[in-house]
Amino acid sequence: MYRIIMIATTLCVLTLTTAMGFAATEAPGDLKLGPPEGMKATKTLVDFSHAKHDAAKIDCTSCHHTWDGTSDIQSCATPGCHDQPGKKGETAYYSAFHAKNSDKSCLGCHKIIKKRDGKPVPVSCKSCHPK
């Protein structure tokens, strides 16, 4: 009887684990990051690779910090997120990418990784916004 229960439990766990793996959110490929609709870009758009961040084992919620793990993931430019013009404030589009002292911004996270791990991540304007 014990063997049957153990086999059934193992099969249930394997089935659930496999199903959860297939249900995982699939990140889109490479993107061009730009400002929200109605906001003018002052520099070239940024090429962004989900694959590189996935390979570096960056969790989705590091950037999509309001994501609940089940709903559709929204972009930073989604209304109500980082859709405000200007350089200051949590909802400012610029600060979502450029806040130097925040691990929730691209630049802030890259600076932390470069200092902590010595990895060659982009931290200059030109490395993200090529001419």
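Presented here is an overview of the structure given in this document. (Residues numbered from 1 in each chain as written. Predicted model: local features only at pLDDT ≥ 70, side-chain atom pairs only at ≥ 80, totals over all residues. Heavy atoms only, no water.)

### As for the overall build of the protein chain
Stage number 1. In terms of regular secondary structure, the protein chain is built from 6 helices and 2 strands.
Stage number 2. Tracing the protein chain from N to C terminus, the helices and strands come up as α-β-β-α-α-α-α-α.
Stage number 3. Burial statistics for the protein chain: of 131 residues in total, 16% are counted as buried.
Stage number 4. Sequence separation of at least 24 residues holds for 25% of the intrachain contacts in the protein chain that already meet a minimum separation of 6.
Stage number 5. Summed over its atoms, the accessible surface of the protein chain is roughly 10400 Å², and 61% of this surface lies on carbon and sulfur atoms. (Helix = DSSP H or I, 4+ residues; strand = E, 2+ residues; numbered from the N terminus. Buried < 20%, exposed > 50% of the residue type's maximum accessible area, 1.4 Å probe, protein only. Contact = heavy atoms within 4.5 Å. Areas by Shrake-Rupley, 256 points an atom, 1.4 Å probe, with all protein chains shown as cover.)

### Thoughts on the pattern of salt bridges
Opposite charge on two side chains lets them pair, provided their charged atoms get close.
Stage number 1. Summed over all chains, the structure comprises 2 salt bridges.
Stage number 2. Where Lys32 meets Asp47, a salt bridge forms, and the shortest distance between an N and an O atom there is 2.7 Å. Placement of the pair is Lys32 in strand β1 (residues 30–33) and Asp47 in strand β2 (residues 46–49), with a sequence separation of 15 residues. Here Lys32 matches Asp47 in class, with each residue exposed.
Stage number 3. Ionic pairing is found between Arg116 and Asp117, a salt bridge with its closest N-O pair at 2.9 Å. (Salt bridge = Lys/Arg side-chain N within 4 Å of Asp/Glu carboxyl O.)

### What to know about unusual backbone geometry
Excluding glycine, residues mostly carry a negative phi; peptide bonds, for their part, are mostly trans.
Stage number 1. The backbone of Lys57 shows a phi angle near 60°, a positive value even though the residue is not glycine.
Stage number 2. Among the structural elements, Lys57 can be located in the loop between α2 (50–55) and α3 (60–63).
Stage number 3. Assessed through its relative accessible area of 74%, Lys57 is described here as exposed.

### Things to note about helix α5 (residues 106–117)
Stage number 1. If you check α5, its first and last C-alpha atoms are 16 Å apart, about what 12 residues at 1.5 Å a residue would give, namely 16 Å.
Stage number 2. Along α5, the residues that are buried comprise Leu107, Gly108, His110 and Ile113.
Stage number 3. On the buried face of α5, the contacting elements are α2 and α4 (93–98).
Stage number 4. Of the residues one or two after α5, Gly118 is the one with positive phi, at around 70°. (Expected span 1.5 Å × (residues − 1).)

### Quick notes on the environment of Ile113
Stage number 1. For Ile113, the location among the structural elements is in helix α5.
Stage number 2. Placed 10 residues apart in sequence, Ile113 and Asp103 show a C-alpha to C-alpha distance of 9.6 Å.
Stage number 3. Beyond its immediate stretch of four places on either side in the chain, Ile113 contacts Ile58, Gly118, Lys119 and Val121.

### Quick notes on the side chain of Ser105
Stage number 1. Relative to the helices and strands, Ser105 is located in the loop between α4 and α5.
Stage number 2. Note on Ser105: relative accessible area 3%, which makes it buried.
Stage number 3. Of the polar contacts made by the side chain of Ser105, one reaches the backbone oxygen of Ala99; its length is 2.4 Å.
Stage number 4. Reaching out from Ser105, the side chain makes a polar contact with the backbone nitrogen of Gly108 at a distance of 2.9 Å.
Stage number 5. Dropping the residues within four chain positions of it, Ser105 is found in contact with Ser95, Ala96, Phe97, His98 and Ala99. (Polar contact = N/O pair within 3.5 Å; in protein donor to acceptor, adjacent residues only side chain to side chain.)

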